[in-house]
Amino acid sequence: MADAIKTCPCGTGKPYVSCCGQWHGGPAYLRAPTAEALMRSRYSAYVLDLVDYVRDTWHPDTRPPHIDHTRPGLKWLGLDVKRHVVQDDDHAQVEFVARSRLQGKGQRMHEVSRFVRENGIWLYVDGQVDQ
């Protein structure tokens, strides 16, 4: 499916291959250069059902044993990045709203995510979700 899309699902308006697509297929050392880019690439990975990428970019200390990615009727509708706060060279936060529809009902997930950079690679740590 990823090969068939033209515009990146993350909302930048850029072509997928020069946006999140460049991080999805490469080795770890070619992963997203900022916490915001990682967050956008993880959103796109959820949209495209790239569960291995989601797992591989999740910090091992907080990664769940199983990532639930099969939700029949789920359709991702868009992403809005509210802010990207760089705390220091290796810590950042990204606040975003992801919109979806599940079995016809609209949903909105507002999260402030924490990221850490280890050995030059940004990883998702966890997030606080507002319901």
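Refer to the preceding data block for the structure.
Overview of the structure. (Residues numbered from 1 in each chain as written. Predicted model: local features only at pLDDT ≥ 70, side-chain atom pairs only at ≥ 80, totals over all residues. Heavy atoms only, no water.)

Points about the pattern of salt bridges
Tallying each qualifying case throughout the model produces 7 salt bridges. Between arginine 83 and glutamate 95 there is a salt bridge whose closest N-O contact spans 2.6 Å. Here the residue arginine 83 occupies a position in strand β1 (residues 74–88), and glutamate 95 occupies one in strand β2 (residues 91–102), the gap between them amounting to 12 residues. Its salt-bridge partner being arginine 114, residue aspartate 126 comes within 2.6 Å of it at the nearest N-O pair. Remark: arginine 114 occurs in strand β3 (residues 105–118) and aspartate 126 occurs in strand β4 (residues 121–130); sequence separation between them is 12 residues. A residue is classified by how much of its surface remains accessible, and aspartate 126, at 28% relative accessible area, is partly exposed. Judged by relative accessible area, which is 41%, arginine 114 ranks as partly exposed. Among the charged side chains, a salt-bridge network with shared partners connects Asp52, Arg55 and Asp56. (Salt bridge = Lys/Arg side-chain N within 4 Å of Asp/Glu carboxyl O. Helix = DSSP H or I, 4+ residues; strand = E, 2+ residues; numbered from the N terminus. Buried < 20%, exposed > 50% of the residue type's maximum accessible area, 1.4 Å probe, protein only.)

Digging into the sheet that holds β2
Picture the strands of a sheet paired through backbone hydrogen bonds; they go either parallel or antiparallel. Within the open sheet, the 4 strands sit side by side as β1-β2-β3-β4. Their pairing is antiparallel. Here the strands that pair on one side only, and so sit at the sheet edges, are β1 and β4. Across the sheet, the mean angle separating the axes of adjacent strands is 25° when strand polarity is ignored. Note: β3 against β4, 9 bridges, orientation antiparallel. Bridging across to β4, serine 113 finds its partner in glycine 127. Against the sheet, helix α2 (residues 35–47) touches β1, β2, β3 and β4, its axis set at about 165° to β1. (Pairing = 2+ DSSP bridges. Axes fitted to C-alpha atoms, helices over the stretch in contact; angles between N-to-C directions. Contact = heavy atoms within 4.5 Å.)

Here's the deal with the pairing of β2
Examined bridge by bridge, β1 and β2 share 12 bridges and lie antiparallel to one another. When the bridges of β2 are listed, tryptophan 76 appears paired with serine 100. Two successive antiparallel strands, β1 and β2, enclose a turn made up of 2 residues. As paired strands, β2 and β3 are joined by 12 bridges and run antiparallel to one another. The residue bridging histidine 91 from the neighbouring strand is valine 116, located in β3. Between β2 and β3, which pair antiparallel one after the other, the connecting turn spans 2 residues, and glutamine 103 there sits at a positive phi close to 50°.

Here's the deal with the environment of alanine 92
Inspection of the secondary structure assignment puts alanine 92 in strand β2. Under the relative-accessibility criterion, alanine 92 is labelled buried at 1%. C-alpha separation for the pair alanine 92 and leucine 79, spaced 13 residues apart in sequence, amounts to 19 Å. Apart from residues no more than four positions distant in its own chain, alanine 92 is found in contact with Ala35, His84, Val85, Val86, Gln87, Ser113, Arg114, Phe115 and Trp122.

A few points about unusual backbone geometry
Located in the positive-phi region is aspartate 49, a residue other than glycine, with phi close to 60°. With respect to the helices and strands, the residue aspartate 49 is situated in the loop between α2 and α3 (51–56). A residue is classified by how much of its surface remains accessible, and aspartate 49, at 43% relative accessible area, is partly exposed. Unusually for a residue other than glycine, glutamine 103 sits at a positive phi of about 50°.

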